[in-house]
Amino acid sequence: MYRQIVVLTGAGISAESGIKTFRDEDGLWEQHHIEDVATPEGYARDINLVERFYNSRWENLHSGEVHPNAAHAALAKLEAEFSGKLLVITQNVDDLHERAGSKRLLHMHGELSKGRCPQSLQTFVLREPFGEDNCCTCCIPAKRLRPHIVWFGEMPFGMDRIHDALDNCDLFIAIGTSGTVYPAAGFVDSANHHGAQTVEVNLLAADRHSQFQYHFTGKAGDVVPALVESILAGKTLGSEAATKEMSA
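Residues numbered from 1 in each chain as written. Predicted model: local features only at pLDDT ≥ 70, side-chain atom pairs only at ≥ 80, totals over all residues. Heavy atoms only, no water.

Novice: Explain the pattern of salt bridges residue by residue, including any values.
Specialist: Enumeration according to the criterion identifies seven salt bridges in this entry. The residue aspartate 36 makes a salt bridge to arginine 45 at a minimum N-O spacing of 3.2 Å. Its relative accessible area of 22% is what places aspartate 36 among the partly exposed residues. Between arginine 99 and aspartate 95 there is a salt bridge, with the nearest N and O atoms lying 2.9 Å from each other. (Salt bridge = Lys/Arg side-chain N within 4 Å of Asp/Glu carboxyl O. Buried < 20%, exposed > 50% of the residue type's maximum accessible area, 1.4 Å probe, protein only.)

Novice: Could you give an account of the pairing of strand 8 (residues 197–202), naming the residues involved and the relevant values?
Specialist: The buried fraction of strand 8 is high, at six of six residues. Residues Gln197, Val199 and Val201 point to one face of strand 8 and Thr198, Glu200 and Asn202 to the other, with burial holding for every one of them. Examined bridge by bridge, strand 7 (residues 171–175) and strand 8 share five bridges and lie parallel to one another. Residue pairing for strand 8: leucine 171 is matched across the bridge by glutamine 197. In this region the chain leaves strand 7, passes through helix 8 (residues 187–193) and returns to the parallel neighbour strand 8; the handedness of that crossover is right-handed. (Helix = DSSP H or I, 4+ residues; strand = E, 2+ residues; numbered from the N terminus. Pairing = 2+ DSSP bridges. Right-handed = clockwise from strand over helix to strand, strands pointing away.)

Novice: I'd love a proper account of helix 5 (residues 70–81), names of residues and values included.
Specialist: Helix length check: helix 5 (12 residues) gives 16 Å between terminal C-alpha atoms against 16 Å at 1.5 Å per residue, within 8%. Its buried side turned inward, helix 5 meets strand 1 (4–9), helix 1 (11–15), strand 2 (85–90), helix 6 (96–100), strand 7 and helix 9 (220–232). Structurally, the start of helix 5 carries an N-cap: the backbone nitrogen of alanine 71 is 2.9 Å from a side-chain oxygen of asparagine 69. (Expected span 1.5 Å × (residues − 1). Contact = heavy atoms within 4.5 Å. Polar contact = N/O pair within 3.5 Å; in protein donor to acceptor, adjacent residues only side chain to side chain.)

Novice: Which residues make up the confidence of the model for the chain, and what are the values?
Specialist: Of the residues in the chain, 91% reach a pLDDT of 70 or more, and the chain-wide mean stands at 90. Taken as a whole, residues 241–248 scores under 50 in pLDDT and shows 19 contacts with residues more than four places along the chain or in a different chain. (pLDDT = per-residue confidence, 0-100.)

Novice: A description of the sheet that holds strand 6 (residues 146–149) should follow, citing residues and the corresponding values.
Specialist: Here we have three strands laid out as an open sheet, ordered 5-4-6, and antiparallel in their pairing. In this open sheet, the two edge strands, each paired with only one partner strand, are strand 5 (123–125) and strand 6. When strand polarity is set aside, the average angle formed by the axes of neighbouring strands in this sheet is 55 degrees. Helix 4 (residues 47–61) contacts strand 4 (110–116) and strand 6 of the sheet and is inclined by roughly 120 degrees relative to strand 4. (Axes fitted to C-alpha atoms, helices over the stretch in contact; angles between N-to-C directions.)

Novice: Describe in detail the nonpolar core, supporting the description with residues and values.
Specialist: Membership of the largest hydrophobic core comes to 26 residues, with the highest contact counts inside it found for Ile5, Ile173, Ile175, Val224 and Ile231. When contributions to this core are tallied by element, the ones reaching two or more residues are strand 1, helix 5, strand 2, strand 7, strand 8, strand 9 (214–217) and helix 9. For this core, the element with the most residues is helix 9, which contributes six residues. In this view, isoleucine 175 contacts Val7, Leu8, Thr9, Gly10, Ile13, Leu75, Val201, Ala220 and Val224; residues no more than four positions away in its chain are not counted. In terms of nonpolar packing, the next biggest core, distinct from the first, is built from 22 residues, Ile19, Phe53, Leu112 and Leu145 among them. (Core = buried A, V, L, I, M, F, W, Y, C linked by side-chain atoms within 4.5 Å.)

Spelled out as structure tokens, the structure:
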């Protein structure tokens, strides 16, 4: 039975809930240049463009049409019923994990539902779209809130806590992530180095250079609930699978 689990979730888990990813053919990067909407320099150059980009995503998230899926619910169940330690690290900026009931959660790339004071760095729940009238309450005069998002060139949040969890876990699960963006792409190496079992859940078959010990191919909403039930039943991956490639 596992004692400490770390889960990393990426865009793939939220895509099943109707949130666009960045790398799909019709994804968000097809409509915008990264340097214009996801860098501090782009924000300084055209604050209104950046705010329109994030306001559109914020409105989609709160449209009433986006809901947690079975994978989000399964991870919330794992948190509620697992007797050991669990940390869910998400690269996603949506709040679907929270809506499903997850609490032991770290948003390493920030949160779409929050704005941040550029001076004090205090965060505020975003109850209306970004704009010149959406300001902090911590400064005099009040400062215009910026998206609470980690942009390219900025340090992800919670890295000390993440590395500590990876150093001590005995199971690392990555769900719906491309595995190409650092530092998250290096998490599997750290987990392997410290003796954890590592498993990947993805729509695509395992790359031949994959560092994961086990791979489940399929939708997160199909695979993750079954994986969670297996963990809660006290089973380990090594007892159920003898090969690195496993299809759901």
